[in-house]
Amino acid sequence: MKLQVFLYSKFGYAQRIADELSEKFNCKCDQIPPAYQCNEEKLIFIVYEKYGALDKKLVAYMKEMDKKKVLNIAFIEISNTGNEALQEMSDIVKANGVNISGTYGIAIKHGLFSKGKLTEEQLHDAMKFGDEQGKANFEFLRKQG
């Protein structure tokens, strides 16, 4: 299976989800910017937190994505609304011909004086999204049910 999980996390939300996805699919999980580049991956998950402007390192990494590195990307965004940069992130990789397999947003309020928590229900729903993306991109996962 050519699948990887990448994360961009400042507050730990993305780390927990990325670790669970990596364990679920028994694949590598790495921080952005990664220690290694993608190479002909069928699907990668990008799990990121967006509180404020998109980080330059994250944007630069996404601009490097092309069809030689990955065919499909599934985004999971954690932000105040759960949908602050999904379109922007999708547009960046679409410009290089990469297909967006799916997007999923998780709303966790995070401000100067308050820090929300990732609930078990949100984690469960993110894993359900991951399962759907895996089945959509890999025949043998569809057969497993």
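Our structure is the block above this text.
Residues numbered from 1 in each chain as written. Predicted model: local features only at pLDDT ≥ 70, side-chain atom pairs only at ≥ 80, totals over all residues. Heavy atoms only, no water.

Draft legend 1. Region of interest: helix α3 (residues 86-94). Taken residue by residue, α3 has Leu86, Met89, Ser90, Ile92 and Val93 as its buried positions. Taken end-on, α3 shows its buried residues confined to a sector of 155°, consistent with a single buried face. (Buried < 20%, exposed > 50% of the residue type's maximum accessible area, 1.4 Å probe, protein only. Helix = DSSP H or I, 4+ residues; strand = E, 2+ residues; numbered from the N terminus. Arc of directions from axis to C-beta.)

Draft legend 2. Spatial organisation of helix α2 (residues 56-64). Of all the positions in α2, only Leu58, Val59, Tyr61 and Met62 are classed as buried. Buried residues of α2, seen end-on, are gathered within an arc of 160° and therefore sit on one face of the element. α2 presents Lys56, Lys57 and Lys63 as exposed residues on the side facing more than 90 degrees away from its buried surface. Where α2 is buried, its residues touch β1 (3-8), β3 (41-50), β4 (70-79) and α3. Backbone nitrogen of lysine 57 and a side-chain oxygen of the N-cap are separated by 2.7 Å at the start of α2; the cap is aspartate 55. (Contact = heavy atoms within 4.5 Å. Polar contact = N/O pair within 3.5 Å; in protein donor to acceptor, adjacent residues only side chain to side chain.)

Draft legend 3. Molecular detail of the state of the cysteines. Per the stated rule, a full pass over the model turns up zero disulfides. Cysteine 27 forms no disulfide, and the closest cysteine sulfur to it belongs to cysteine 29, at a distance of 7.4 Å. The partly exposed category is assigned to cysteine 29, whose relative accessible area is 27%. (Disulfide = S-S within 2.5 Å.)

Draft legend 4. Here's a closer look at the sheet that holds strand β5 (residues 99-107). Across the sheet, five strands lie side by side as β2-β1-β3-β4-β5; this open sheet has parallel pairing. Taken across any chain shown, the strands that pair with only one partner, and hence form the sheet edges, are β2 (29-31) and β5. Mean inter-strand twist for the sheet, computed between neighbouring axes without regard to direction, equals 20°. Sheet strands in contact with α3 are β3, β4 and β5, and its direction is about 160° off that of β5. (Pairing = 2+ DSSP bridges. Axes fitted to C-alpha atoms, helices over the stretch in contact; angles between N-to-C directions.)

Draft legend 5. Region of interest: the nonpolar core. One finds Ile17, Leu21, Phe45 and Val47 to be the most contacted residues of the largest nonpolar core, which totals 24 residues. Of all the secondary-structure elements, those providing two or more residues to this core are β1, α1 (13-25), β3, β4 and α4 (120-137). A per-element tally of this core places α1 first, with six residues. The contacts of leucine 21, once residues within four sequence positions are left out, are Val5, Phe45, Val47, Ile76, Met127 and Gly130. (Core = buried A, V, L, I, M, F, W, Y, C linked by side-chain atoms within 4.5 Å.)

Draft legend 6. Fine view of unusual backbone geometry. Of note, the bond from isoleucine 32 into proline 33 is cis; its omega dihedral lies within 30 degrees of zero at 0°. When you line up the elements, proline 33 lands in the loop between β2 and β3. Unusually for a residue other than glycine, asparagine 26 sits at a positive phi of about 50°. For asparagine 26, the position within the fold is in the loop between α1 and β2. You can call asparagine 26 exposed: its relative accessible area is 73%. Positive phi, close to 55°, is recorded for glutamate 40, a residue that is not glycine. Within the secondary structure, glutamate 40 is located in the loop between β2 and β3. Judged by its relative accessible area of 59%, glutamate 40 falls in the exposed class.

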